[in-house]
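What follows is each chain in one-letter form.
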Amino acid sequence: MKASQSTSGRPPASAAAELLPQSSTLIRRVAAFWTRYALVGVLAATLAHGLLYVFIVPPWQHYDEPNHFEYGWLLAHRGAFPQPGDFDLEMRLAVQRSMFAHEFFRGMSFQPDPNEAKPWIGDYSQLGDPPGYYLLAMLPVLLMRGGDVTVQLYAMRLVSLALFGLTVLAAWGVMRELTPPSSPFRWLIPLTAALLPAFADLMTAVNSDAGAVAAFSLFLWACVRLVRRRFSWLVMFWALAAAAACVIIKPNAAVAAAPVLGVTLLLAVMRGRWRWLAWAGLAAGVIAGLIAAFSWGDAALWYRHTSQPSPTRVQPPQAVVGSSAIGVEVFSGEACPQECKVIQLLPSETGQSLSGKTITLGGWIWATQPTTVRSPSLMVYDSRREYYTTVSVTETPAFYAFTFQVDGDPLRSWIILSPGLGAESVGITVFYDGLILAEGERPLDAPPVFDDPQGAAGEWGGQPFTNLLRNPSAESAWPRFR
């Protein structure tokens, strides 16, 4: 009997061996195609991911988005730069109605009153900011003036999406300067930027941050190109134009661009055997900059919302608890005297523990001259409630306290030390020492007795207490960034 022959004509092993070089060639062709057109694929992914965030994130839900929108809307409808305090009543009412329609206030204990003279659309006005981003954001609104504010919001978000694309393009350009043609980092780094959820969320919001990031990214691309290649006046103009864009979009982007531009010029001009001089000058500049930028002496865990020249931690002879106190100076300046203050953020677990409870807040207060000031206050963000009282102080420390019940959700809460003095009080310094935040109703006419100068615990009214404030008498210090 003869063995049956295969009807395929070839043994299976021979077919597999022939397929291997074919598949290898296909992989090489796909890799070559992707290397050549990777930028197109990355930008397509940026567009797709960005569009998801443009339309999935509910209207107005990015931080401060209504206030950024207001700036662009006023530019488009008035044809002039708005000034701090400007607003349009109908526009604010329309935005507020849209915020209600899209459940912006769901789960919040705060509900704005539509009958207010200036309807609430956010806490922080952007009208004092540089106009660069808003000049771009207003462009689509020019074509739809009088239209629905929600549609105009989406149009502004698309402008931010375009800036997102420019940022990813700049990331590709930087990696193109730094890596060889075959390196996967040329497409992997910009693709990572395009697909980062938090970054895509920020870069598709109506927010000047989108413009600042795009401008600085283009600036960084030009700087890397200057350092890596021969000096070019065209690229130099590109870098200067991008730096100027940072200036007119957001101050912090301009502050970051200035030292980078200096380093770039140093490294671009000093090449070859002179390069060591560039690195030596750069090292000296960094050391000098750090020395100039930082000082020691602010009260640790108390964040300054003031540009007072003196440290917030002082050591006056009248100190009651320990040897230090917190000094808030009322000085002449843009943010003072109304907003001279320092704050301490309460940890979220501490804030939650205060919900619905009766608490007592107080401390020793005095000033460089007799005056009337606000007591330390507790700010509960979600309910927009601030608990404080008004007290008359002298040059001698005296203990002041008040009791209240916390309403709303105090998850996000902080303590504020703000004298609240007017312009006529410039030059006065108000001191706070032995600050205390304790649960329960405590005697207001009898000060607490602390276990140690750190003020973490003690006895008050015959009962022990735990101080919910940290570093309450400023015994600990930390660095201050000038």
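The following refers to the structure shown. (Residues numbered from 1 in each chain as written. Predicted model: local features only at pLDDT ≥ 70, side-chain atom pairs only at ≥ 80, totals over all residues. Heavy atoms only, no water.)

1. Considering the sheet that holds strand 16 (residues 463–466)
Right, on to step 1. If you walk across this open sheet you meet the three strands as 14-15-16, and the pairing is antiparallel. At either end of the open sheet lies a strand with only one pairing partner, and these are strand 14 (449–450) and strand 16.
Right, on to step 2. Where strand 15 (residues 457–460) and strand 16 come together, four bridges link them in antiparallel fashion. Considered in strand 16, the bridge of Trp-460 is made with Gln-463. (Pairing = 2+ DSSP bridges. Helix = DSSP H or I, 4+ residues; strand = E, 2+ residues; numbered from the N terminus.)

2. Considerations on the layout of surface pockets
Right, on to step 1. Quantified by volume, the largest pocket comes out at close to 460 Å³.
Right, on to step 2. Around the largest pocket, the lining comprises 19 residues; the ones closest to its centre are Tyr-124, Lys-341, Met-379, Trp-414 and Ile-416.
Right, on to step 3. A class-by-class count of the residues in the lining of the largest pocket yields eight nonpolar, five polar and six charged.
Right, on to step 4. Counted as a void, the second largest pocket has a volume near 360 Å³.
Right, on to step 5. Surrounding the second largest pocket, 21 residues form its lining, Asp-64, Phe-104, Trp-120, Tyr-381 and Arg-384 being those nearest its centre.
Right, on to step 6. The greatest single-element share of the lining of the second largest pocket, amounting to three residues, is contributed by helix 2 (residues 65–78). (1 Å grid on protein atoms, 1.4 Å probe; cavity = no way out; pocket = protein on both sides within 12 Å on 5 of 7 lines; lining within 4 Å. Points joined across faces, edges and corners; volume = space filled by probe spheres on them. Nonpolar A, V, L, I, M, F, W, Y, C, P; charged D, E, K, R; others polar.)

3. Overview of the pattern of salt bridges
Right, on to step 1. Counting across every chain of the model gives 12 salt bridges.
Right, on to step 2. Two residues, Glu-65 and Arg-157, come together in a salt bridge whose shortest N-O distance is 2.9 Å. Of the two residues, Glu-65 sits in helix 2 while Arg-157 sits in helix 6 (residues 149–178), which places them 92 residues apart along the sequence. Neither residue differs from the other here; Glu-65 and Arg-157 are each classed as buried.
Right, on to step 3. Between Arg-225 and Glu-177 there is a salt bridge, and its shortest N-O distance comes to 2.9 Å. In this pair, Arg-225 sits in helix 9 (residues 208–228) while Glu-177 sits in helix 6, placing the two residues 48 residues apart along the sequence.
Right, on to step 4. Owing to a relative accessible area of 22%, Arg-225 belongs among the partly exposed residues under this scheme.
Right, on to step 5. In this structure, a network of salt bridges that share partners links the residues Glu-177, Arg-225 and Arg-229. (Salt bridge = Lys/Arg side-chain N within 4 Å of Asp/Glu carboxyl O. Buried < 20%, exposed > 50% of the residue type's maximum accessible area, 1.4 Å probe, protein only.)

4. Side note on the side chain of Lys-341
Right, on to step 1. In this fold, Lys-341 is placed in the loop between strand 4 (325–329) and strand 5 (342–345).
Right, on to step 2. Leaving out residues up to four positions away in the same chain, Lys-341 has contacts with Tyr-303, Arg-304, His-305, Thr-306, Val-328, Ile-416, Leu-417 and Ser-418. (Contact = heavy atoms within 4.5 Å.)

5. Some points on the state of the cysteines
Right, on to step 1. According to the stated counting rule, one finds zero disulfides in the structure shown.
Right, on to step 2. Of all cysteine sulfurs in the structure, the one in Cys-223 sits closest to Cys-246, which takes part in no disulfide; the separation is 9.4 Å.
Right, on to step 3. Judged by its relative accessible area of 0%, Cys-246 is buried. (Disulfide = S-S within 2.5 Å.)

6. As for helix 7 (residues 185–195)
Right, on to step 1. Arg-186, Pro-190, Leu-191, Ala-193 and Ala-194 are the residues of helix 7 that are buried. Buried residues of helix 7, seen end-on, are gathered within an arc of 155 degrees and therefore sit on one face of the element. (Arc of directions from axis to C-beta.)

7. Some points on unusual backbone geometry
Right, on to step 1. Of note, the phi angle at Glu-103 is positive, near 60 degrees, even though the residue is not glycine.
Right, on to step 2. Within the secondary structure layout, Glu-103 lies in the loop between helix 3 (89–101) and helix 4 (132–137).
Right, on to step 3. The partly exposed category is assigned to Glu-103, whose relative accessible area is 44%.
Right, on to step 4. The backbone of Arg-384 shows a phi angle near 55 degrees, a positive value even though the residue is not glycine.

8. A look at the sheet that holds strand 4
Right, on to step 1. Read across the sheet, five strands follow the order 3-4-13-6-11 without closing on themselves; strand pairing throughout is antiparallel. The strands lining the two open edges of the sheet, one partner per strand, are strand 3 (313–314) and strand 11 (398–405).
Right, on to step 2. Here four bridges tie strand 4 to strand 13 (residues 429–439), and the two strands are oriented antiparallel to one another. Within strand 13, the residue paired with Val-328 across the bridge is Val-430.

9. Here's the deal with the nonpolar core
Right, on to step 1. Ranked by size, the top nonpolar core spans 58 residues in total, and within it Trp-60, Phe-69, Val-95, Met-99, Tyr-133 and Phe-219 carry the most contacts.
Right, on to step 2. When near neighbours in sequence (up to four residues on either side) are disregarded, Tyr-133 contacts Met-156, Ser-160, Leu-163, Ala-205, Val-206, Asn-207, Ser-208, Ala-210, Gly-211, Ile-248 and Ile-249. (Core = buried A, V, L, I, M, F, W, Y, C linked by side-chain atoms within 4.5 Å.)

10. Quick word on the packing of aromatic side chains
Here the distance between the centres and the angle between the planes together describe a pair of aromatic rings.
Right, on to step 1. What the rule picks out here adds up to 22 aromatic pairs.
Right, on to step 2. Look at Phe-105 and Trp-120: their rings are 5.9 Å apart centre to centre, the planes differ by 55 degrees, and that puts the pair in the tilted class. Of this pair, Phe-105 sits in the loop between helix 3 and helix 4 while Trp-120 is found in the loop between helix 3 and helix 4, placing the two residues 15 residues apart along the sequence.
Right, on to step 3. Looking at Trp-120, the relative accessible area reads 15%, which means it is buried.
Right, on to step 4. Counting every residue linked through ring pairs, the aromatic cluster contains Trp-364, Phe-399, Phe-450, Trp-460 and Phe-465.
Right, on to step 5. The lysine or arginine in question, Arg-374, covers the ring of Tyr-388, its NZ or CZ lying 4.1 Å from the ring centre.
Right, on to step 6. Here Arg-384 stacks its cationic end above the ring of Tyr-381, 4.4 Å away from the centre of that ring. (Phe/Tyr/Trp six-rings, centres within 6.5 Å; stacked < 30°, edge-to-face > 60°. Lys NZ or Arg CZ within 6 Å of the ring centre and 35° of its normal.)

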